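Structural characterization, general
Below, each chain spelled out in residue letters.
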Amino acid sequence: MSNRTIAAPDPSSAPASPCTCFRLRKLSRLLSQRYDAALAPAGINVNQFSILRRAARTPQAIGALALELGMDRTTLTRDLKHLVDAGWIRFATGEDARRKQVVVTAAGNRTVEQARPLWQAVQDETGMIVGDTALEKLHAVLDRATRRLEAR
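In this report, the structure presented in the accompanying data block is examined.

**Here we look at the pairing of strand β2 (residues 89-93)**
Sheet topology places β2 next to strand β3 (residues 100-104); five bridges connect them, and they run antiparallel. For Ala92, the partnering residue across the bridge sits in β3 and is Gln101. In this structure, the hairpin formed by β2 and β3 is closed by a connection of six residues.

Set out below in structure tokens:
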């Protein structure tokens, strides 16, 4: 038996994938890990924070919220269950009794306020890592691509 250790491959030497989806998902996973770690002291993850922030603007139907978030309605409904269990949101009857509206509770608003400076710190750190100018360009490219894909 050998005492040699096998070094992990250097990720910077791996060839970049030609797949846009792979590249975006990898970046998304890396950023999500950073945001989740930063938001952990508030007891929330970045997905929950994003849902709560958008839902806190105004009560809205699940379908409308799913569209705004770019999520499948079924996936959002499953994610909302965790927020209801935490006491951060509740459902109310909308204009039409068949449509549930997502309403952020006082506890949900407190959680968002507790998490906001943690989110801002990791947001600022991301700007330093990527570079503020590059990050602005990335946001512009992502926003344009999102609009074009949503229009199809």
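**A few points about the pairing of β3**
The element β3 is largely enclosed, with a buried count of four among its five residues. Taken together, the two bridges between strand β1 (residues 60-61) and β3 define a ladder with antiparallel strand orientation. Within β3, the residue paired with Gln60 across the bridge is Val102.

**Notes on the environment of Arg73**
Here Arg73 is to be found in helix α4 (residues 73-85). In sequence terms Arg73 and Ile62 are 11 residues apart; their C-alpha atoms lie 7.0 Å from each other. Residues within four places of Arg73 in sequence aside, it is in contact with Ile62, Gly63 and Ala66.

**Overview of the packing of helix α3 (residues 62-69) against α4**
Helices that pack against each other are described as a pair by the angle of their axes relative to one another and the distance between those axes. Here α3 crosses α4 at 105 degrees, and the two axes come no closer than 9 Å. When the axis of α3 is compared with that of α4, the two are roughly perpendicular. Across from Ile62, Gly63, Leu65, Ala66 and Leu69 in α3, the residues of α4 making contact are Arg73, Leu76, Thr77 and Leu80. Considered class by class, the residues forming the contact of α3 with α4 number six nonpolar, two polar and one charged.

**Some thoughts on helix α2 (residues 46-57)**
The end-to-end C-alpha distance of α2 is 17 Å, a good match for the 16 Å that 12 residues give at a rise of 1.5 Å each. When we look at burial in α2, the residues that qualify are Gln48, Phe49, Ile51, Leu52 and Ala55. Buried residues in α2, looked at end-on, bunch into an arc of 165 degrees, giving them a common side. With a side-chain oxygen lying 3.0 Å from the backbone nitrogen of Asn47, the N-terminal cap of α2 falls on Asn45.

**What about the environment of Thr105?**
Within the secondary structure layout, Thr105 lies in the loop between β3 and α5 (106-130). Classification of Thr105 as buried rests on a relative accessible area of 17%. Spatially, the C-alpha atoms of Thr105 and Ile89 are 5.1 Å apart, while their sequence positions differ by 16 residues. Excluding anything up to four places from it in sequence, Thr105 contacts Gly87, Trp88, Ile89 and Arg90.

**Notes on the sheet that holds β3**
The three strands are arranged β1-β3-β2 in an open sheet whose pairing can be described as antiparallel. Both outer strands of the open sheet, β1 and β2, are each paired with one neighbouring strand and no more. Across the sheet, α4 lies against β2 and β3, angled at about 110 degrees from β2, the strand it touches most.

So, how was this worked out
Residues numbered from 1 in each chain as written. Predicted model: local features only at pLDDT ≥ 70, side-chain atom pairs only at ≥ 80, totals over all residues. Heavy atoms only, no water. Pairing = 2+ DSSP bridges. Helix = DSSP H or I, 4+ residues; strand = E, 2+ residues; numbered from the N terminus. Buried < 20%, exposed > 50% of the residue type's maximum accessible area, 1.4 Å probe, protein only. Contact = heavy atoms within 4.5 Å. Axes fitted to C-alpha atoms, helices over the stretch in contact; angles between N-to-C directions. Parallel < 35°, antiparallel > 145°, perpendicular 65-115°, else oblique. Nonpolar A, V, L, I, M, F, W, Y, C, P; charged D, E, K, R; others polar. Expected span 1.5 Å × (residues − 1). Arc of directions from axis to C-beta. Polar contact = N/O pair within 3.5 Å; in protein donor to acceptor, adjacent residues only side chain to side chain.

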